Amino acid sequence: MDLIHCYSMAMVLTRVNHGEFCWIGVLFTIAHIRGGGEMGRKWYENGKLLKKKNTFTDFIAYAEYLIEKKYCSKEKLSIDGRSAGGLLIGAVLNMRPDLFNAAVAGVPFVDVLTTVLDPTIPLTTSEWEEWGDPRREEFYYYMKSYSPVDMTQEFY
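Residues numbered from 1 in each chain as written. Predicted model: local features only at pLDDT ≥ 70, side-chain atom pairs only at ≥ 80, totals over all residues. Heavy atoms only, no water.

- Going by an unreviewed UniProt entry, the protein carries the name Prolyl endopeptidase and comes from Rosa chinensis.
- According to its UniProt record, the protein has this under Function (unreviewed entry): "Serine peptidase whose precise substrate specificity remains unclear. Does not cleave peptides after a arginine or lysine residue. Regulates trans-Golgi network morphology and sorting by regulating the membrane binding of the AP-1 complex. May play a role in the regulation of synaptic vesicle exocytosis." (UniProt positions renumbered as here; feature names shortened; annotations may be inferred.)

### Points about the packing of helix H3 (residues 53-68) against helix H4 (residues 84-95)
Then, number 1: Two elements in contact, H3 and H4, have axes separated by 10 Å at closest approach and are oriented at 70 degrees. What the angle tells us is that H3 and H4 run roughly perpendicular. For H3 against H4, the interelement crossing comes out right-handed. Across the interface between the two elements, Thr55, Phe56, Thr57, Phe59 and Ile60 of H3 pack against Leu87, Leu88, Ile89, Ala91, Val92 and Met95 of H4. (Axes fitted to C-alpha atoms, helices over the stretch in contact; angles between N-to-C directions. Helix = DSSP H or I, 4+ residues; strand = E, 2+ residues; numbered from the N terminus. Parallel < 35°, antiparallel > 145°, perpendicular 65-115°, else oblique. Left-handed = near helix turned anticlockwise from the far one by under 90°. Contact = heavy atoms within 4.5 Å.)

### Some details on H4
Then, number 1: For H4, which comprises 12 residues, the first-to-last C-alpha distance of 17 Å matches the rise-based estimate of 16 Å (1.5 Å per residue) to within 8%.
Then, number 2: Across the 12 residues of H4, 10 count as buried, placing the element largely inside the fold. (Expected span 1.5 Å × (residues − 1). Buried < 20%, exposed > 50% of the residue type's maximum accessible area, 1.4 Å probe, protein only.)

What follows is the structure in structure tokens.
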């Protein structure tokens, strides 16, 4: 089993003892996708607002790269994300359900529209700078196009 881990799509680093995974034959990787701050301000800017989907396509491209280079296979590839990283996990599973064997989405932010549309929820209005204000039509429909809860409903 191989694991790609993402805590969130914002500028956050996680502390994980990946050495424990290596002893049992697990390849542990961290994807530095657009929207994070590891690669500079432009990298971060290209993963927010109306460019948020770049974070999902980057993650998918990273998984495809690991498979192409034979670091792992689809049959063993597992993904893990928490908070906004849980949104990432939900979105990529909806976009490419064939690519991953298992997924863990801890405290996932998967109902994007309901959450970001409610200005009474703490932190919501400050998050509009990152996600966009869904009261504006262009942001509403863009968020709906990647929101895991809304994407899942399209399949039924």
